Amino acid sequence: MSDEPLAALRTQLRASPPPALRGLSGADLDDLAGAVEAARRRQAAELAAAGDLAFNHIPRLLRGPIRRVLG
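Everything quoted here is computed from the prediction, not taken from an experiment.

Scoring rules and cut-offs
Residues numbered from 1 in each chain as written. Predicted model: local features only at pLDDT ≥ 70, side-chain atom pairs only at ≥ 80, totals over all residues. Heavy atoms only, no water. Core = buried A, V, L, I, M, F, W, Y, C linked by side-chain atoms within 4.5 Å. Buried < 20%, exposed > 50% of the residue type's maximum accessible area, 1.4 Å probe, protein only. Helix = DSSP H or I, 4+ residues; strand = E, 2+ residues; numbered from the N terminus. Expected span 1.5 Å × (residues − 1). Contact = heavy atoms within 4.5 Å.

K.L.:
Hey, could you run me through the nonpolar core in this one?
P.N.:
It is characteristic of soluble globular proteins that their nonpolar side chains tend to be buried jointly. L6, L9, L21, L29 and A33 together form the largest nonpolar core, which totals five residues. When contributions to this core are tallied by element, the ones reaching two or more residues are α1 (4–13) and α2 (26–54).

What follows is the structure, encoded as structure tokens:
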């Protein structure tokens, strides 16, 4: 088995995968890396939506300056 699927998973996890995952096939590792990537994208979208929703509690005149300060 090549180290490419394992490297892709390592990139998505931002750490070395647990030793137990070394027994998975390359296709399974690719699937797992894809699932982790999709979960990270969903999490980022949910966090952005929550941030936008939180701004609804701030008066309109202050939203722009606060967004610039918070980035």
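After presenting the structure, the write-up continues.
K.L.:
Could you clarify how one ought to interpret unusual backbone geometry in this entry?
P.N.:
Among all residues except glycine, the phi angle is most often negative; among peptide bonds, the trans geometry is most common. You will see that R14, though not glycine, has its phi angle at about 60 degrees, which is positive. Mapped onto the fold, R14 is located in the loop between α1 and α2. Residue class for R14 comes out exposed when judged on its relative accessible area of 66%.

K.L.:
How should I be thinking about α2 in this particular structure?
P.N.:
Along an α-helix, residues three or four apart share an orientation, since each turn contains 3.6 residues. With 29 residues, α2 extends 42 Å from end C-alpha to end C-alpha; this agrees with the ideal 42 Å at 1.5 Å per step. Elements in contact with the buried residues of α2: α1.

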